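Descriptive analysis of the structure
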Amino acid sequence: MNDMPTLAFDPADSCLNVEQLSVSYDGKAALREVSLTVPRHRVTAFIGPSGCGKSTLLRSFNRMNDLIRGVEVMGQIRLFGEDILAPEVDVTALRRRIGMVFQQPNPFPMSVFDNVAYGLRLQGLSDQRALEREVEWALRSAALWDEVKDRLEASALTLSGGQQQRLVIARAIAIRPEVLLLDEPASALDPISTLKIEELIGQLAEAYSIIVVTHNMQQAARVSDYTAFLYLGELVEFSATDDLFTRPQARQTEDYITGRYG
Amino acid sequence: MKTPSGWRSGDGALWLSTGAVTLTLLLTVTLLVLLGRVGFGHFWPEPLATFTFDPATEQTPLVAARREHGTFALADGGKEARTLLRTGNRDTAAPDFRWIANASLRSAHFDPAAIEIERRSWGPALGLLAPPEAPAANRASLAARQWARLEEALALPSQARTVSLTLYGADGSARPLPLAEVVRAWRPNAMDLGEKLSLYFSRIGAFISEPPREANTEGGIFPALFGTVLMVMLMTVVVTPIGVVAALYLHEYAPQGPLTQTLRIAVNNLAGVPSIVYGVFGLGFFVYLVGGSLDSAFFADALPAPTFGTPGLLWASLTLALLTLPVMIVATEEGLSRIPRQLREASLALGATHFETLRYVILPQALPAVLTGVILAVARGAGEVAPLMLVGVVKLAPELPLDGTFPFLHLDRQFMHLGFHIYDLAFQSPNVEAARPLVYASALLLVLMIVLLNLGAVLLRAYLRGRHRDPLG
Ligand SMILES: Nc1ncnc2c1ncn2[C@@H]1O[C@H](COP(=O)(O)OP(=O)(O)O)[C@@H](O)[C@H]1O
Ligand SMILES: [Mg+2]
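The structure contained in this document is the topic of the report that follows. What you see is a predicted model, and the numbers here were worked out from it, not measured in a lab.

This brings us to the site of ligand 1. Residue and element names in this part refer to chain A. In the vicinity of ligand 1, the contacting residues are Tyr25, Lys28, Ala30, Ser50, Gly51, Cys52, Gly53, Lys54, Ser55, Thr56 and Ile68. Between an oxygen atom of ligand 1 and a side-chain N or O atom of Ser55, the distance comes to 2.6 Å. Note that an oxygen atom of ligand 1 is positioned 2.4 Å from one of the side-chain N or O atoms of Thr56. Bound to the protein, ligand 1 loses 64% of the 550 Å² it would expose on its own. At the level of secondary structure, the elements contributing two or more residues to the shell around ligand 1 comprise strand E2 (28-39) and helix H1 (54-61). For the shell around ligand 1, the element with the most residues is H1, which contributes three residues. Partitioning the shell around ligand 1 into residue classes produces four nonpolar, five polar and two charged.

Dropping the structure here:
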């Protein structure tokens, strides 16, 4: 399978380099020797059936897997050339560079404003004017400003699910990360909210490198420039989205996108 | 289709659980009503009757209040109905409570000149303001004159009252009663409802706000109430931070393995250790070891008189804090484990450290659970008596542990406690009948105090929960 052609990018155009990454939980392999390069300022989609390791791969990038007991990671991941799996890496600094949005909207039980300001305050920003400016910028970038500008002090839990997810995106981009990881960001939302999130992903791609996990192939086709197909913990195929959906190279990819399984 | 019936449909379970709740409610209400009726009924001005008796009993006439009725089994197998009369005058005509056979009661009439006098010693004095056999017109004017003199004297401080009152017995005897001795007096048969109500509440107020007299059987319970509240507060101040920190360690930092699990089970089991054991531990560890060391280190010049090496408020609070620590830890840990993993991940993914996540996300979310712990701890701590008898509670404390002299809060002082006060009244009192209503009243106050302390914590918790309530769930 490793002989399958995968995409190569110029180092200047790539953000994450994954080499021979294997991850196991309590000895059970979840990822097997995955190697790929994620392009810079593009949207990359990870698709594959449930349980194939998409989230595991995503969570390896900001080392969220460190939190899970019994996890074992082998291989290499480099962010703009820096090894991020090395033990001496400052994980909190890494997570500021790589933002993450989860499947379930998870705003803090605080006001809308405090949610977005959370990461900024952690970095020591306390000047109210600066905070207000940054929060507004983040909310505008997440296409949420017009809907919440009059209720910044209301609890974030009073927002709708779709608004909450955009709030969470605003919260992630407020600290201006370089990479944004979205793990099935729309799967818990209604079609209209999903559409808004997809539009937002398109807009954000101008400033960020985005990786979006989805098991919805239409979504991957709509929002992404490149798509990786994972199956049973292995990277089966990684190519430009148009190519992958129109001319899949691997048999498994073809079966998957034509709906024969998954 | 057959509709399931009985247990299958769940009707039985519904009835059973409704029944259990009703029973609990009923018991609680019964408890409160009983405590309230006996305890607070005591403060209502009872009508005073002048009783005459069957001459065969050779009992002279008495001014008395009917307390209760009872049926007594006689030695010959028969039964006799009797009435408990409260006659007061423990100094001149003891006893002050007597069971009299109903058959020997001849007449009872309510004399408007009857008076009840609460005194500084010897309990209440009951009597008449005018001799019973004098002509009615003379009696009325004499009674009025005596009452006026009494009211005038009561307006003065007790040292300035030089006059006496003449108190007549139902048998026509007369004796002087120095007004300096009088705390409060009333003519129950001559009072209207408004006067009775106002007397009732002023007596309850005095009960709550005054120190006890006469080996605790008279007067109020203020020092005990104050001591209990102060001790529970000190206990809460100690147990809350320690409990929260311990729970944080167990849940957030300790490596989750057999050792931590054992520790957790040990903490749970500590909650089941009998409280007297904590008392013994408090005496041995806090009083003798810690207190003794403190004394030899800092108060050596006062030795051999101990300063901290003796039971006192501080050691009592610490002992109770130890006693309620398991409850606090368990409740807090429970709250920590209910916080969704997603919130934790959200914070960490933004580059927060574990500590920052705890500080800004986890702890605020766990606060209601912490307050639940406080509620449980207060409920448990305020009701404890046994351990306190070993580590600082006394029957009668000369001074409050909080006063105007430096250092204001005297942690080394012994103090009074409602629970112990109740025990003392009920079992150690020289005058059981006189103390009985006070036992009930003190018990009701203890219950009310715990309810109040808890209500405060419950309201605070409701407020904290409501601040960020999800409107949908
Ligand atoms: N915390 C975990 N502990 C143990 N096994 C896990 C854990 N998370 C994921 N796995 C396993 O790893 C595999 C990949 O999971 P995941 O990366 O979540 O897949 P996907 O996101 O593609 O659905 C699955 O078999 C799953 O059961
Ligand atoms: Mg997943």
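With that settled, consider the nonpolar core. Ranked by size, the top nonpolar core spans 123 residues in total, and within it Leu139 and Ile210 of chain A carry the most contacts. One finds Phe9, Leu57, Leu94 and Ala228 of chain A within the second-largest nonpolar core, a separate group that totals 34 residues.

On to the interface of chain B and chain A. At the interface, 20 residues of chain B touch 26 residues of chain A. Taken over both partners, the interface formed by chain B and chain A buries close to 2,000 Å², and the fraction arising from carbon and sulfur atoms is 65%. Applying the counting rule to chain B against chain A returns one salt bridge. Ionic pairing is found between Glu345 of chain B and Arg59 of chain A, a salt bridge with its closest N-O pair at 3.1 Å. Where chain B meets chain A, there are three residue pairs in polar contact (both at pLDDT 80 or more). Residue assignment for the side of chain B that touches chain A shows that the elements contributing at least two residues are helix H8 (341-349) and helix H9 (354-383) of chain B. Top element by residues in the side of chain B that touches chain A is H8 of chain B. It accounts for seven residues. Broken down by class, the residue content of the side of chain B that touches chain A amounts to nine nonpolar, eight polar and three charged.

Before going further, it helps to spend a moment on the layout of surface pockets. The rolling of a water-molecule-sized probe over the atoms marks out the regions of remaining empty space. Of the voids in this model, the second largest pocket is the one considered here, and its volume is about 610 Å³. Every element with two or more residues in the lining of the second largest pocket is listed here: helix H2 (91-97) of chain A together with helix H4 (222-253), H8 and H9 of chain B. Considering every element that reaches the lining of the second largest pocket, the biggest residue donor is H8 of chain B, with four residues. Tallied by class, the residues present in the lining of the second largest pocket amount to nine nonpolar, six polar and seven charged.

Turning next to empty space enclosed by the protein. Residue and element names in this part refer to chain B. Here the structure, examined in full by the defined rule, presents three cavities of 30 Å³ or more. Here the largest cavity is characterised by a volume of approximately 290 Å³. His42, Glu118, Arg203, Thr217 and Glu218 are the residues nearest the centre of the largest cavity, which is lined by 23 residues in total. Secondary-structure elements contributing two or more residues to the lining of the largest cavity are strand E6 (114-119), helix H3 (193-209), strand E12 (218-219) and helix H12 (432-467).

Here we come to the packing of helix H6 (residues 161-174) of chain A against helix H7 (residues 191-204) of chain A. Residue and element names in this part refer to chain A. Contact pair H6 / H7: the axes reach a minimum separation of 9 Å and the direction vectors enclose 20 degrees. Between H6 and H7, the interaxial angle falls into the category roughly parallel. The hand of the H6/H7 crossing is right-handed. The segment H6 lies against H7, with Gly162, Gln165, Arg166, Ile169 and Ile173 engaging Ser193, Lys196, Ile197, Leu200 and Leu204. Residues belonging to the contact of H6 with H7 are distributed by class as follows: five nonpolar, three polar and two charged.

For the rest of this paragraph, the subject is helix H2 (residues 136-154) of chain B. Residues and elements named next belong to chain B. Its 19 residues place the ends of H2 27 Å apart at the C-alpha level, agreeing with the 27 Å of an ideal helix rising 1.5 Å per residue. Taken together, the buried positions of H2 are occupied by Arg139, Ala143, Gln146, Trp147, Leu150 and Ala153. An end-on view of H2 places all buried positions within 125 degrees of arc, on one side of the element. Away from its buried face by more than 90 degrees, H2 exposes Ala137, Arg145 and Glu152. On its buried side, H2 packs onto E6, strand E7 (125-128), strand E8 (164-168) and strand E10 (182-186).

Quick look at the pairing of strand E7 (residues 179-183) of chain A now. Residue and element names in this part refer to chain A. Within E7, five of the five residues are buried, leaving the element largely enclosed by the surrounding structure. Neither face of E7 is exposed, since Val179, Leu181 and Asp183 on one face and Leu180 and Leu182 on the opposite face are all buried. Note: strand E6 (residues 98-101) against E7, four bridges, orientation parallel. By the bridge assignment for E7, Val101 is matched with Leu182. Note that E7 and strand E8 (residues 209-213) share five bridges and pair parallel. Paired with Val179 across the two strands is Ser209, which belongs to E8. A crossover connection joins E7 to the parallel E8 through H7; in handedness this β-α-β unit is right-handed.

Scoring rules and cut-offs
Residues numbered from 1 in each chain as written. Chains lettered and ligands numbered in written order. Predicted model: local features only at pLDDT ≥ 70, side-chain atom pairs only at ≥ 80, totals over all residues. Heavy atoms only, no water. Near = heavy atom within 4 Å. Polar contact = N/O pair within 3.5 Å; in protein donor to acceptor, adjacent residues only side chain to side chain. Areas by Shrake-Rupley, 256 points an atom, 1.4 Å probe, with all protein chains shown as cover. Helix = DSSP H or I, 4+ residues; strand = E, 2+ residues; numbered from the N terminus. Nonpolar A, V, L, I, M, F, W, Y, C, P; charged D, E, K, R; others polar. Core = buried A, V, L, I, M, F, W, Y, C linked by side-chain atoms within 4.5 Å. Buried < 20%, exposed > 50% of the residue type's maximum accessible area, 1.4 Å probe, protein only. Contact = heavy atoms within 4.5 Å. Buried area = accessible area lost by both parts, 1.4 Å probe. Salt bridge = Lys/Arg side-chain N within 4 Å of Asp/Glu carboxyl O. 1 Å grid on protein atoms, 1.4 Å probe; cavity = no way out; pocket = protein on both sides within 12 Å on 5 of 7 lines; lining within 4 Å. Points joined across faces, edges and corners; volume = space filled by probe spheres on them. Axes fitted to C-alpha atoms, helices over the stretch in contact; angles between N-to-C directions. Parallel < 35°, antiparallel > 145°, perpendicular 65-115°, else oblique. Left-handed = near helix turned anticlockwise from the far one by under 90°. Expected span 1.5 Å × (residues − 1). Arc of directions from axis to C-beta. Pairing = 2+ DSSP bridges. Right-handed = clockwise from strand over helix to strand, strands pointing away.

Read these as geometric descriptors, not functional statements.
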